[in-house]
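# Close look at the chain arrangement
The residues making up each chain are set out below.
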Amino acid sequence: MTRIPRYLFTLLSIALLTLTSAIAAAQTAEPLAHGISIANMDTAVRPGDDFYLYANGGFLARTKLPADRASIGVFSTLADLSFKQTATIIEDAAKANAAPGSNERKIADLYHSYMDEAAIESHGLPTLKPHLDAIAAIHTPRELAHALGLSLRADVDALNNTNFHTANIFGLWVAPSFNDPDHYAPYLLQGGLQLPNRDYYLSDSPHMKEVREKYKTHIAAMFRLAGLAEPEARAARVLALETAIAQKHISLADSEDIHKANNPWRPADFSAKAPGLDWPEFFRAAGLDKQTTFIVWQPSAFTGEAALVASQPVDSWKDLLAYHLIEAYATATSKALADERFAFFGTTLSGTTQQRPRDFRGDVIVSRILGDAVGQIYVKRFFSPEAKAQAQALVDNLMAAFRERLERLTWMAPTTKAEALAKLGTLQVGVGYPDHWRSYSAYEVTPDNLFLNLWRSDLFDLHYSLDRIGKPVDRKEWTMTPQTVNAVNLPLHNGLNFPAAILEPPFFDPQAPDAANYGGIGTTIGHEISHTFDSEGAAFDSKGRVRNWWTPDDLAHFNAAASALAAQYDTYKPFPDLNVNGRQTLGENIADVAGLTAAYDGYRASLKGSPAPMDGNLTGDQQFFIAFSQTWSSVTRDAVLRQQVLADPHAPGKYRAATVRNNDAWYSAFDIQPTDKLYLAPKDRVKLW
Ligand SMILES: [Zn+2]
């Protein structure tokens, strides 16, 4: 199965990790030095026995997890830093009294509207009311189709910042077309559920049954607090209808299989293949009536959900529309609704008992809604042109190293190699921030009506997407904001984004020795580049089309090496009763092996034949491998670690760091001997690229 190219790292419930973690980080993180951290190491450990402990033992020994933290490590510490930085941008904008219409004024006004709780209390319900009245006035199937079409938003993303969830009946994603990657096309995805996925409705486990009971009570409370009559009866109808929709949904694993997703439908196909919904009316209301082709991601769900529009009472659909609307804007409608929403989604579903301070939540909302406006200031303030130039040079060296490796490969047929080289040649690598910033000129912000601000933001995003359909693809566009601590591979663009917020120590530091930067961000860059060529990225050709360009022999060779790597990871046992799943984590482990190799080559090439500078008594090669290992340091609760081993495509950081044992240069750097625990005979070291 072709799975989705992935991020570098899955932040475990980032929403739960922030703010309190800023305090925790201040208690546990040491002052940042340039280059690798000696204090974080435990030099009493033999590097060949446990390289992760050797590089990180000091950090692990002194880091204590506060009660409200699941994990502390490099990624969560950097996320804390990014949130602290964006908070200063928003505070300054709030003080600046900038000109009306300017980005800074919009940042200030949006933030103000979030903080002004009295204004929310007086304007919230009156702003919601006309929308509820419109839903109440629905009588005919055509009016229902119209309302369902009006609810469509550009709120899903199947391949980049992957998000398969929308509470609206369907979700729109505008992206380069599978079949014409030079132009944007509309993709439609299944939707209609408020809970995270269909398992919450269909699972028989006692826990899920209890969640559903509490959910029904919650729906009724939301109706009551919004002033609607017969809240319990409405809640029962909503839960019944959502459950029926859940039965029509396909699973997340199936949704992730792109070979099942390329289903071009013409407008007439919808009425033929998915009867029940008045599709022409739906598309008219959604602003999609001029489109001649759509890509339907989960056809069976469209057939099933459209049939439910006809078979289920109009009143049930009206309740569902009203409830989803109340839920979507609860934070902007009244304190009572916002608190009830948190009690269910924050406490019942996620286990948090306290909301984060209001000013923090305001920062998060502004940074999300005006992402590029905040990001533009963020990079001016926190990402210097020198840092960008240096990171760009690093990327160029990594690309050159990868190209050389490809050219030297002896096992790959010339045709496969030619396409791989072409793919590398057209790869668009964004560093720090995009070349072009999104304009917010069409987004109107008022300082005293949060509801309107959120509503307009959703429509602004929708119209931005609708407007792009059919237009030439901007291959240099970004899908992450600069203030995001992560990196991403965009398969349809054949592009990579490395946001400024990850170009920070310990990943990247303009003042650190090259060895530390190549071992840090260099291996990350190598990791993302190699996703372009792993078993997943290989489904897309150099133009972003879905096409198999591998010869059978090449694929067989690649798969044999991959199997050896899977077997290697199967041997890791974080718990006596649980080992790492080598297959589940294979794509990421391939990217780690290849990324480390390319970064090492890039580092050696950067020396241009000169001897590497020492850091204390550590050689350049030693610093390189230690820096790599230190990016994976983390202290994580056992329960969370178990969950990660079971459900995450990334192996725990400790084992990602251990992939040095596949790299010959690591053996000479640390004089690793056959008696060392991590030693692998040369024939057992996995080499993919
Ligand atoms: Zn990855």
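Everything that follows concerns the structure shown earlier in this document.
Residues numbered from 1 in each chain as written. Predicted model: local features only at pLDDT ≥ 70, side-chain atom pairs only at ≥ 80, totals over all residues. Heavy atoms only, no water.

## Considering the environment of Ser177
Topologically, Ser177 is positioned in the loop between β2 (170-176) and β3 (184-190). On the accessibility criterion, Ser177 (8% relative accessible area) is buried. Put simply, Ser177 and Ile90 are 87 residues apart on the chain and 37 Å apart in space, counted from C-alpha to C-alpha. When near neighbours in sequence (up to four residues on either side) are disregarded, Ser177 contacts His183, Ala185, Tyr187, Ile295 and Leu492. (Helix = DSSP H or I, 4+ residues; strand = E, 2+ residues; numbered from the N terminus. Buried < 20%, exposed > 50% of the residue type's maximum accessible area, 1.4 Å probe, protein only. Contact = heavy atoms within 4.5 Å.)

## Comments concerning the coordination of the zinc ion
All of the protein donors around the zinc ion are His527 (NE2), His531 (NE2) and Glu588 (OE); their distances to the metal are 2.1 Å. Accessibility expressed as a relative area gives 1% for Glu588, which makes it buried. (Donors = N, O, S within 2.8 Å, 3.2 Å for Na, K, Ca; no water.)

## Focus on the pattern of salt bridges
Counted under the stated rule, the structure contains 34 salt bridges. The residue Lys687 makes a salt bridge to Asp664 at a minimum N-O spacing of 3.4 Å. One end of the pair, Lys687, is in the segment after α28 (664-670); the other, Asp664, is in helix α28, and 23 residues separate them in sequence. Exposure remark for Asp664: the relative accessible area of 39% places this residue in the partly exposed category. (Salt bridge = Lys/Arg side-chain N within 4 Å of Asp/Glu carboxyl O.)

## A short note on the packing of aromatic side chains
Taken as a whole and assessed by the stated rule, the structure comprises 49 aromatic pairs. Among the aromatic residues, those joined into a ring-pair cluster are Phe170, Trp265, Phe270, Trp279, Phe282, Phe283, Phe294 and Phe302. Taking NZ or CZ as reference, Arg234 lies 5.7 Å from the ring centre of Phe223, over its face. The lysine or arginine in question, Arg438, covers the ring of Tyr464, its NZ or CZ lying 4.0 Å from the ring centre. (Phe/Tyr/Trp six-rings, centres within 6.5 Å; stacked < 30°, edge-to-face > 60°. Lys NZ or Arg CZ within 6 Å of the ring centre and 35° of its normal.)

## Some words on the sheet that holds strand β5 (residues 294-296)
Reading across from one edge, β2-β3-β5-β4 is the order of the 4 strands in this open sheet, with mixed pairing throughout. The outermost strands of the open sheet, each flanked by one partner alone, are β2 and β4 (264-265). Sheet topology note: the β3/β5 ladder contains 2 bridges and is parallel. Bridge assignment links Leu188 to a residue of β5, and that residue is Val296. Sheet strands touched by helix α14 (residues 299-311): β2, β3, β4 and β5. Its angle to β3, the strand with the most contacts, is close to 60°. (Pairing = 2+ DSSP bridges. Axes fitted to C-alpha atoms, helices over the stretch in contact; angles between N-to-C directions.)

## Some remarks on the side chain of Thr166
Within the secondary structure, Thr166 is located in the loop between α7 (141-150) and β2. Of note is the side chain of Thr166, whose polar atom sits 2.6 Å from the side chain of Asp155. There is a polar contact of 3.1 Å between the side chain of Thr166 and the backbone nitrogen of Asn168. Beyond its immediate sequence surroundings of up to four residues, Thr166 is in contact with Asp155, Val156, Gly171, Gln190, Gly191, Gly192 and Leu193. (Polar contact = N/O pair within 3.5 Å; in protein donor to acceptor, adjacent residues only side chain to side chain.)

## Quick look at empty space enclosed by the protein
With the rule as written, the count across this model stands at 3 cavities of 30 Å³ or more. In this model, the second largest cavity occupies a volume close to 40 Å³. As for the second largest cavity, its lining consists of 10 residues, and the residues nearest its centre are Lys423, Asn489, Pro491, Asn494 and Thr532. The residue makeup of the lining of the second largest cavity, split by class, is 3 nonpolar, 6 polar and 1 charged. (1 Å grid on protein atoms, 1.4 Å probe; cavity = no way out; pocket = protein on both sides within 12 Å on 5 of 7 lines; lining within 4 Å. Points joined across faces, edges and corners; volume = space filled by probe spheres on them. Nonpolar A, V, L, I, M, F, W, Y, C, P; charged D, E, K, R; others polar.)

## A few points about α7
By the burial criterion, the buried members of α7 are Leu144, Ala145, Ala147, Leu148 and Gly149. Among the structural elements, α13 (279-286), α14 and α15 (314-328) are those in contact with the buried residues of α7.

In short, the description is geometric, and any link to function would need to be established separately.
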